[in-house]
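# What the coordinates show
Here is what each chain is made of, one letter per residue.
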Amino acid sequence: MMAYAGSLHEELVAIRRDLHRHPELLYDTDRTAALVARLLQEWGIDVRTGVGPHFGKGVVGVLRGGLDGGRTILLRADMDALPIAELNEIDYKSITHGIMHACGHDAHTAMLLGAAKTLAAYRESFAGEIRFVFQPAEEGALPSPLDGRLLSGGRDMIEAGILQGVDRCYALHVWPELDAGTIGVHPQYAMAASSHFQVTFRGTNGHHSSPHLAADAIQMTAAYIAGVNGMMANSIDPLEQAVLAFGTLRAGTVINAIAEQSVLTGTFRAFSKQTVAAITAGLERHAQAASLSYGGSYDIVLREGIAVVNDSKAIEEVIRAATSVLGRENVLTQLEPSLAGEDFGWYLDQVPGAFVLLGCLNEEFGQQEGLHRPRFNLDEAILVHGTRLLVQLAAGS
């Protein structure tokens, strides 16, 4: 199987470059999903499309091994890109203006397809069931058309029941902070719970000459920002890692009129569920206080995140599999957790598994740009590494 996976290098590069040329945002991943479904079907894998009760954009392939017994292993890749204009001058540069695969999801999809093709070709050699999950909208969330909740693709697919009966789940993420040819796995926390919020303050407009007849939404926002910053400094356990920052502020229409409305957005990141809950409650409490103080009202919309927490037994399996693929000297385990977020945390909250970093840095080839940057690219030799690791995790465990 490892030799077969290696023989797929040119095919994996072609798939990755095709996806890179045609990036899609959030849940608008129809072209990518159609390509994934077609290839899985060609390889004799059972395919479900339109997965997710809210947006219906996911793809799931199911492959059963020919041997008796075995576990159910879920492997996940994400399909969406980012609203970033690509600056790379490469022949597979994004042809979609203002959108690019700046986080490597094109590589994630290609590697999982490579694993699917390999395992389908050798289905008589292993036991159990393998689920290949291709999800949209890892990079963000949209309000559900059913109930208005802000949902990422992982949560939508989980609500479709993709985790039922699963014993282990794994996902890879390319990582430009690690050299190509290495694999990193965290001993517990891999990434923080990344939560987004939007607070709208509503007051009463009026002229600057008569402020007593108005309710100033900008003043509410200023009080809110000060209150939330104070909360983060004084009301959150200083031994817990947490950070909150504001991103955008839209308010007012003219220089000499009091603003009737103000819309503030931001994110916060923490690891423990208790800290996430404390910050969430504080955001609501301070919004209420600020609006009441200035005679207005407020609305708050929040997408709650969850930390990515690796399971100890799954980590052992990753180390064994990665050692088999790349050698123990190339498996890194003493990593500091990242305050970045990933919705694979919702999978790991219900099923034991691991989130694995696949090094993609190669300064020799000039591929050293960070994630979410307009010149991000990767050493495509890693596509075989990732494919082999996924195969080993699925069939060798």
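Quick notes on the rules
- Residues numbered from 1 in each chain as written.
- Predicted model: local features only at pLDDT ≥ 70, side-chain atom pairs only at ≥ 80, totals over all residues.
- Heavy atoms only, no water.
- Helix = DSSP H or I, 4+ residues; strand = E, 2+ residues; numbered from the N terminus.
- Buried < 20%, exposed > 50% of the residue type's maximum accessible area, 1.4 Å probe, protein only.
- Contact = heavy atoms within 4.5 Å.
- Lys, Arg positive; Asp, Glu negative; His and termini not counted.
- Salt bridge = Lys/Arg side-chain N within 4 Å of Asp/Glu carboxyl O.
- Polar contact = N/O pair within 3.5 Å; in protein donor to acceptor, adjacent residues only side chain to side chain.
- Pairing = 2+ DSSP bridges.
- Axes fitted to C-alpha atoms, helices over the stretch in contact; angles between N-to-C directions.
- Core = buried A, V, L, I, M, F, W, Y, C linked by side-chain atoms within 4.5 Å.
- 1 Å grid on protein atoms, 1.4 Å probe; cavity = no way out; pocket = protein on both sides within 12 Å on 5 of 7 lines; lining within 4 Å.
- Points joined across faces, edges and corners; volume = space filled by probe spheres on them.
- Nonpolar A, V, L, I, M, F, W, Y, C, P; charged D, E, K, R; others polar.
- Phe/Tyr/Trp six-rings, centres within 6.5 Å; stacked < 30°, edge-to-face > 60°.
- Lys NZ or Arg CZ within 6 Å of the ring centre and 35° of its normal.

This part is about the environment of Gly296. When you line up the elements, Gly296 lands in the loop between helix H7 (273–293) and strand S14 (297–303). The exposure class assigned to Gly296 is partly exposed, which follows from its relative accessible area of 22%. It is 17 Å that separates the C-alpha atoms of Gly296 and Gln198, two residues lying 98 residues apart in sequence. Look past the residues within four positions of Gly296 in its chain and what remains in contact with it is Arg202, Met220 and Ser291.

Next up on the list: the side chain of Arg303. Its location among the elements puts Arg303 in strand S14. Here Arg303 is buried and forms no salt bridge, its nearest opposite-charge partner Glu138 lying at an N-O distance of 6.7 Å. From its side chain, Arg303 meets the backbone oxygen of Ser194 in a polar contact 3.5 Å long. In contact with Arg303, not counting residues within four places along its chain, are Gly140, Ala141, Leu150, Ser194, Ser195 and His196.

Turning to the sheet that holds strand S4 (residues 127–135), a few remarks are in order. Consider a sheet: its strands pair through backbone hydrogen bonds, and that pairing is either parallel or antiparallel. Taken together, eight strands build an open sheet; the order of strands is S1-S2-S4-S3-S7-S18-S8-S16 and the sheet is mixed. Each edge of the open sheet carries a strand with a single partner, namely strand S1 (46–51) and strand S16 (331–332). Direction of pairing for S1 relative to strand S2 (residues 58–64): antiparallel, over a ladder of four bridges. Note that in S2 the partner of Val51 across the bridge is Gly58. Sheet strands in contact with helix H3 (residues 30–42) are S1, S2 and S4, and its direction is about 15° off that of S2.

Looking at soluble globular proteins, one finds that nonpolar side chains tend to be buried together. Counting residues in each nonpolar core, the largest one holds 60 residues, and the members touching the most others are Leu40, Leu75, Phe132 and Phe134. Considering every element that reaches this core, the biggest residue donor is helix H4 (residues 105–121), with nine residues. Dropping the residues within four chain positions of it, Leu40 is found in contact with Ile45, Val47, Val59, Gly61, Leu113, Ala116 and Phe134. With 26 residues, the next largest nonpolar core counts Val51, Val62, Val166 and Trp175 among its residues.

Counted according to the given criterion, the structure contains 20 salt bridges. For Asp106, the salt bridge identified is with Arg16, shortest N-O distance 3.1 Å. Residue Asp106 is found in helix H4, and its partner Arg16 is found in helix H2 (residues 9–21); the two are separated by 90 residues along the sequence. One salt-bridge network, held together by shared partners, links Arg16, Arg17, Asp106 and Glu380.

Turning next to empty space enclosed by the protein. The method is simple in principle: a probe with the dimensions of a water molecule rolls over the atoms, and the space it marks as empty is what remains. In the structure shown here, the tally under the stated rule is one cavity of 30 Å³ or more. What lines the largest cavity is simply Arg76, Ala77, His108, Met111, Leu112, Leu172 and Leu390. Going through the elements one at a time, strand S3 (67–78) and H4 are the ones with two or more residues in the lining of the largest cavity. With three residues, the top contributor of residues to the lining of the largest cavity is H4. When its residues are assigned to classes, the lining of the largest cavity shows five nonpolar, one polar and one charged.

To continue, consider the packing of aromatic side chains. Scanning the model with the defined rule gives seven aromatic pairs in all. An angle of 65° between the planes, with centres 5.4 Å apart, marks the rings of Phe201 and Tyr224 as edge-to-face. Linking Phe201 in strand S9 (residues 189–202) with Tyr224 in helix H6 (residues 217–234), this pair joins segments that are 23 residues apart in sequence. Summarising the burial analysis for this pair, Phe201 and Tyr224 share the class buried. When the centroid spacing of 6.0 Å and the interplanar angle of 35° are considered together, the rings of Phe344 and Phe355 count as tilted. Of this pair, Phe344 sits in helix H9 (residues 344–348) while Phe355 sits in strand S18 (residues 353–361), and the two are eleven residues apart along the sequence. Neither residue differs from the other here; Phe344 and Phe355 are each classed as buried. Ring pairing ties together the aromatic residues Phe344, Tyr347 and Phe355, which thus form one cluster. Here the guanidinium or amino end of Arg155 rests over the ring plane of Trp346, the centre of that ring lying 4.1 Å away.

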